[in-house]
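Coordinate analysis (summary)
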Amino acid sequence: MKEKFIYKSDWFDFFVFLCLISGIVLVIVSWTVLLVFFVAFIFSSIFLFNMSGQFYADDNSVSFNLVFKKINIPYDSIKSAEVSREFIRGGRLTGEAYRCIETIKFTCESGKYRFSTFIDVDSEAVAKLPSCWRNSLRKANSRG
């Protein structure tokens, strides 16, 4: 006599339960990891976007205090210094605003340093527009 039959193992229910629990844990962990990365991205973006520094000048040196770093540059070690301004068009919320970035570059015995900051543009001074401002704004306008 020959017959076919299907045998259900005693371990089958345990295997299904284990797979189901593993899948649920994997989904929870992956969503948790995704959420942690998203929150870390948001906070690091806010932190990096709002990094600020200060500088102090005394009779002997100028010091720049950055978030995790302090740079002290004695005046006698400065070989050259260059200050430049660049006008850019556009802002975060409006495309018609002009912003000025002032950059100071030091060449010292210990290396080169560059520091930049946004400067508020006085609208009354812009309305009078001396020729150097007008040319800078034209350059910014042509790039934008």
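What this report covers is the structure whose coordinates are included nearby. (Residues numbered from 1 in each chain as written. Predicted model: local features only at pLDDT ≥ 70, side-chain atom pairs only at ≥ 80, totals over all residues. Heavy atoms only, no water.)

**Here we look at the nonpolar core**
Within the largest apolar cluster, seven residues are counted, these being Val62, Phe64, Ile71, Ile73, Phe106, Cys108 and Phe115. Among the secondary structure elements, those contributing two or more residues to this core are strand S2 (61-65), strand S3 (70-74) and strand S5 (98-108). Setting aside its immediate chain neighbours within four residues, Phe106 contacts Val62, Phe64, Ile73, Ile78, Ser80, Ala81, Gly111, Lys112, Tyr113 and Phe115. (Core = buried A, V, L, I, M, F, W, Y, C linked by side-chain atoms within 4.5 Å. Buried < 20%, exposed > 50% of the residue type's maximum accessible area, 1.4 Å probe, protein only. Helix = DSSP H or I, 4+ residues; strand = E, 2+ residues; numbered from the N terminus. Contact = heavy atoms within 4.5 Å.)

**So, the packing of aromatic side chains**
For the structure shown, the criterion picks out three aromatic pairs. Taken together, the aromatic side chains of Phe55, Phe64, Phe106 and Phe115 make up a single cluster linked through ring pairs. (Phe/Tyr/Trp six-rings, centres within 6.5 Å; stacked < 30°, edge-to-face > 60°.)

**Concerning the pattern of salt bridges**
Inspection of every chain in the model, using the stated rule, returns one salt bridge. A salt bridge links Arg85 to Glu102, with the nearest nitrogen and oxygen atoms 3.0 Å apart. Here Glu102 lies in strand S5 and Arg85 lies in strand S4 (residues 78-89), a separation of 17 residues in the sequence. (Salt bridge = Lys/Arg side-chain N within 4 Å of Asp/Glu carboxyl O.)

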